[in-house]
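If you want the building blocks of each chain, they are given just below.
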Amino acid sequence: MTSTQKRTRTVLISGAGVAGPALAFWLARYGFRPTIVERAPALREGGYAVDFRGEAHLSVLERMGILADVRAAQTHMGAMAYVNDAGREVSRMPADVFSGDLEILRGDLGRILYDATKEQTEYVFGDSITALAEDADGVTASFERAEPRRFDLVVGADGVHSTVRSLAFGPEEAYVRPTGLYSAIFTTPNHLGLDHAGRAYLTPGRLVAVYSARDNTEAKAVFYFAAPGAPSHDRRDVAAQQRMVARAYAGNGWETERLLAAMPSAPDFWFDSISAVRMDSWSRGRVALLGDAAWCPTPLSGMGTGLAIVGAYVLAGELALAGGDHQAAFARYEDALAEYVRGCAKQADGVANWMVPGNRFMAWFVHQNYRLLPYVPWKGRIAASIRRTANAIDLADYGSVLRTRQNRACGSALAPSDNAAAR
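All figures in this text were calculated on a predicted structure; none of them were measured in a lab.

(A) Layout of the sheet that holds strand 5 (residues 89–93). Read across the open sheet, the seven strands follow the order 5-4-13-14-15-12-16; overall the sheet is mixed. A strand with exactly one partner marks an edge of an open sheet, and here the two such strands are strand 5 and strand 16 (269–277). In this sheet, adjacent strand axes meet at a mean angle of 25 degrees when their direction is disregarded. Across nine bridges, strand 12 (residues 176–188) lies against strand 16 in antiparallel orientation. In the sheet register, Arg177 faces strand 16, and the bridge partner there is Ala276. Packing against the sheet, helix 14 (residues 360–372) makes contact with strand 4 (80–83), strand 5 and strand 13 (198–203), and its axis sits at approximately 70 degrees to strand 5.

Okay, structure coming up:
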């Protein structure tokens, strides 16, 4: 191991969502010193439901020792029922397609990850990176509030609109691919009395859904709508975002008006365009990207959270195996994940037309397919296909490899004295 490799121990991570804390967990286990900087003033509570699919996703949670905690906080959601204007069910999406093998609210998952990392990770809330200056020995990061600091490596785990990606790789427009869809999600009272269930109302170009959360004590309102060619929105202007949602759903029917009326007073509100991120490489010098910042498959794939967890495990493991040689580690990280990421991203292909049909015929066709699904011989193939995609990666057991190396090194250190004694 070279002197440069030995010094590679401090890692600045931008983003305290899912990918960032997951990476910090493994880095701390392997002897690195992670620091997470997060623009928000505190952990983001609430949020929408995210899910894990297949053994690959679940095995990483188990290796982290948090699988039991995630299971304890899971939503236990049933099927999503599609209804007509009068609220009568017309079709149904099976639970294993809708919520995967294990579903949890994003805020609850974030809290579990934070609790698992807070003792070994420095968290800096209410701040953001503004500049990165790299040299042969490290990276100087400048911040909105704090004084500049030096780190060996920087990782952007800060989502589709990644600040780190913009600073190190260039403008967002070069990598972010809008789908023409937008989404809004917020918490609302469970006024429909839903019991671990959801209701969805589909009209051309618009989907509005509501599902119960936290043991039915609240609900999540979800809006997906088509607005191709819409002007870019200000990601920090919540009032303008809510006006855009209200305009898109004016006169929509069912429970839409009631949900829209609750939107301004919601305790949380998330809004964004539905976009994919495509990049040829996820690293440049001493800077790497992780999760949605590197490869967002869009929320339509159902794979984003699982990919973030798996990606964090692989990136930290490769850094540990490389002894801190970031160039070798980043190259192996990309080699290990590139094909897997492409496969997971393909899960989103064509989903937009099913989720938000562009015309009445397509909406009718979607309902017909969901209505017939329980009766066709291949009814389980959709969920099985998604699960196969999620499992299409062989994860190395980095801990075992590192322990074997350590044992061999210890054996080699003892060998001279053993030989001397034998003589």
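(B) Region of interest: the packing of aromatic side chains. Applying the stated rule across the entire model yields 20 aromatic pairs. The interplanar angle of 85 degrees and the centroid separation of 5.1 Å between the aromatic rings of Phe25 and Trp26 together place this pair among those described as edge-to-face. Aromatic side chains Tyr182 and Phe271 sit 5.9 Å apart centroid to centroid with 20 degrees between the ring planes, which places their arrangement in the stacked category. Of this pair, Tyr182 sits in strand 12 while Phe271 sits in strand 16, placing them 89 residues apart in sequence. With relative accessibility at 7%, the residue Tyr182 sits in the buried group. Overall, Phe271 belongs to the buried group, its relative accessible area being 7%. Counting every residue linked through ring pairs, the aromatic cluster contains Tyr182, Phe186, Phe223, Phe225, Tyr249, Phe269 and Phe271.

The rules behind the values
Residues numbered from 1 in each chain as written. Predicted model: local features only at pLDDT ≥ 70, side-chain atom pairs only at ≥ 80, totals over all residues. Heavy atoms only, no water. Pairing = 2+ DSSP bridges. Helix = DSSP H or I, 4+ residues; strand = E, 2+ residues; numbered from the N terminus. Axes fitted to C-alpha atoms, helices over the stretch in contact; angles between N-to-C directions. Contact = heavy atoms within 4.5 Å. Phe/Tyr/Trp six-rings, centres within 6.5 Å; stacked < 30°, edge-to-face > 60°. Buried < 20%, exposed > 50% of the residue type's maximum accessible area, 1.4 Å probe, protein only.

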